[in-house]
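# Reading the structure
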Amino acid sequence: AGSRARARAGAPAGGAGVCPRPAPRAPAPPGAEAKPKMPPPTVEVDQLQALDPDSVGVLGDDAGGLGIGMWDGTPRALVERLIPALPAKTTARAARDVMRRLLLSVATAPRGARGTSLVALRAEALRAMGDAKGMKQLLDAAPGQSGDEQLARLRVDSLLLAGDTGPACDKIAAAVRDYPNGFWQRALVFCQIRAGKKEQARLGLALFKETGAGKDRAFPYLAAILLGERPKDTVSPVPVGALAIAMPDQTGAGPPESFANSGA
C-alpha cells in the first residue's frame, strides 16, 4: 500500500530522491539580446605649449607683419647677433619700413638656446630708430617677466619717452627694491622731485654725487635745476637717455641743446 501511495505521489520506487529536471528557459523576446559592454568614453586633452614671450608682436599677417614663420630655419644665436646690427640710423624710408615690420611682427621665436630676450633686442632697435611708439607697443604686448631688469628698464624708458611719468614712477618705485643700482636710484630721485619730496631727493642726489657723479654728468645738472637750484657746472655735449629727456620736460623747457639723445 505504501509503494502504491508513493507511486501515486510521483515519488520513484526505492525511496531515492531525484531532483526534478529544470523547466526549459523561455526564449528572450526580440531585441532583448545582451549587448556587449563598451568602455567608458574618454576625453583627450591636448595641452597647449606655453607661449614663448619672444614670439609676441603687434603686426600680424593682415597688418603688414612678415609672417608667423619669419624665423623658420634661422638659428636663434644668429638672430640675436643680427638684430643689434640693423642700420637703425638709415634715412632710407623703404629700409626703415622693412626693419619696423620685422621688429614688430608676430613670429614664432627661432629655435636655439636663449641668450638674450628677443623682445628686449627688438625694443632696443626700435628705440635706436627713434620709434618710441613702436617700442611701447611691443613692450605692452609682451608678458611681464619678473627678474628681467633689462625689460623692466625698457618699459620705464618707453613710458618716460611717451611722457607718462606717473606710471613710470610707479614702476620705478617697485623696481628699485629689486635693482638697487645706479639707474634706478637716479630715477627714484627724479620721482621724488616730481612728487614734491625735495629733501629726500636732495639726500639721494648727494649720495649719487659721492658715488657716481662721474658716470652720469647730465643727471646732477638736471636734478639741480628741478630742485630750484643753479647748477655750478655746465654740461658739455653728452649723450643722454630717456630719464634725462623726461626731466627737463617737467619744467616745459625741454632738454638743453648740449644734450644729444643717444638712446642710452
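Look up a bit, the structure's there.
Okay, so let's go over this structure. The residue numbering used here restarts from 1 in each chain and proceeds along that chain's sequence as written. Per-residue local features are limited, in this predicted model, to residues with pLDDT of at least 70; the limit for side-chain atom pairs, both in listing and counting, is 80 or more; totals at the level of whole chains, interfaces and linings are taken over all residues. In computing side-chain properties, one takes all heavy atoms of the structure into account and sets aside hydrogens as well as water.

## Examining the nonpolar core
Going by this rule: What we call a nonpolar core is a set of buried Ala, Val, Leu, Ile, Met, Phe, Trp, Tyr and Cys residues that are connected through their side-chain atoms within 4.5 Å. Whether a residue is buried, partly exposed or exposed follows from its accessible area with a 1.4 Å probe, protein chains only, as a fraction of its type maximum: under 20%, in between, or over 50%, in that order. A run of DSSP states H or I qualifies as a helix once it reaches four residues; a run of E qualifies as a strand once it reaches two. Both are numbered from the N-terminal end. Whether two residues are in contact is decided by their heavy atoms, any of which lying within 4.5 Å being enough.
Counting 29 residues, the largest nonpolar core has Leu160, Trp184, Phe190, Ile193, Phe219, Leu243 and Met247 as its most contacted members. Those elements that provide at least two residues to this core are helix H6 (149-161), helix H7 (165-175), helix H8 (182-194), helix H9 (198-212), helix H10 (218-226) and helix H11 (242-249). Considering every element that reaches this core, the biggest residue donor is H8, with 7 residues. Leucine 243 has contacts with Leu160, Phe183, Arg186, Ala187, Phe190 and Phe219, leaving out every residue within four places of it along the chain. Met70, Ile83, Leu121 and Leu151 belong to the second largest nonpolar core, which has 25 residues in total.

## Concerning the packing of helix H3 (residues 93-104) against helix H4 (residues 118-128)
For clarity, the threshold we go by: Between the N-to-C directions of two axes lies an angle of 0 to 180 degrees, each axis being a line fitted to C-alpha atoms and, for a helix, fitted only over the stretch in contact. Here is the rule for angles: anything less than 35 degrees is roughly parallel, anything more than 145 is roughly antiparallel, 65 through 115 is roughly perpendicular, and the remaining ranges are oblique. Two helices that cross are described as forming a left-handed crossing if the nearer one is turned anticlockwise from the farther one by less than a right angle, and a right-handed crossing if clockwise. Side-chain classes are defined by residue name, with Ala, Val, Leu, Ile, Met, Phe, Trp, Tyr, Cys and Pro counting as nonpolar, Asp, Glu, Lys and Arg as charged, and the others, Gly among them, as polar.
Remark: H3 packs on H4, axes separated minimally by 9 Å, with the N-to-C direction vectors making an angle of 155°. On the basis of their axis angle, the class for H3 and H4 is roughly antiparallel. You can see that H3 and H4 cross each other, and the crossing is left-handed. Residue-level contacts link Arg100, Leu103 and Leu104 of H3 to Arg122, Ala125 and Leu126 of H4. Classifying every residue of the contact of H3 with H4 by side-chain character gives 4 nonpolar, no polar and 2 charged.

## Description of the environment of methionine 99
In this fold, methionine 99 is placed in helix H3. In this structure methionine 99 comes out as buried when scored by relative accessible area, which is 7%. Between the C-alpha atom of methionine 99 and that of arginine 122, which follows or precedes it by 23 residues, the distance is 9.9 Å. Leaving out residues up to four positions away in the same chain, methionine 99 has contacts with Leu86, Pro87, Ala88, Thr90 and Met129.

## Overview of empty space enclosed by the protein
Note the cut-off: Two kinds of site are reported from a 1 Å grid over the protein atoms alone, namely cavities, where a 1.4 Å probe fits but cannot get out, and pockets, open sets with protein on both sides within 12 Å along at least five of seven lines, and residues are called lining when an atom falls within 4 Å of a point. Grid points are joined across faces, edges and corners, and a volume is the space filled by probe spheres set on the points.
Within this structure, the stated rule accounts for 1 cavity of 30 Å³ or more. Taken as a whole, the largest cavity holds about 50 Å³ of empty space. Asp54, Met70, Trp71, Ile83, Ser105, Ala107, Leu118 and Arg122 are the residues that line the largest cavity. Here the lining of the largest cavity is built from residues that sort into 5 nonpolar, 1 polar and 2 charged.

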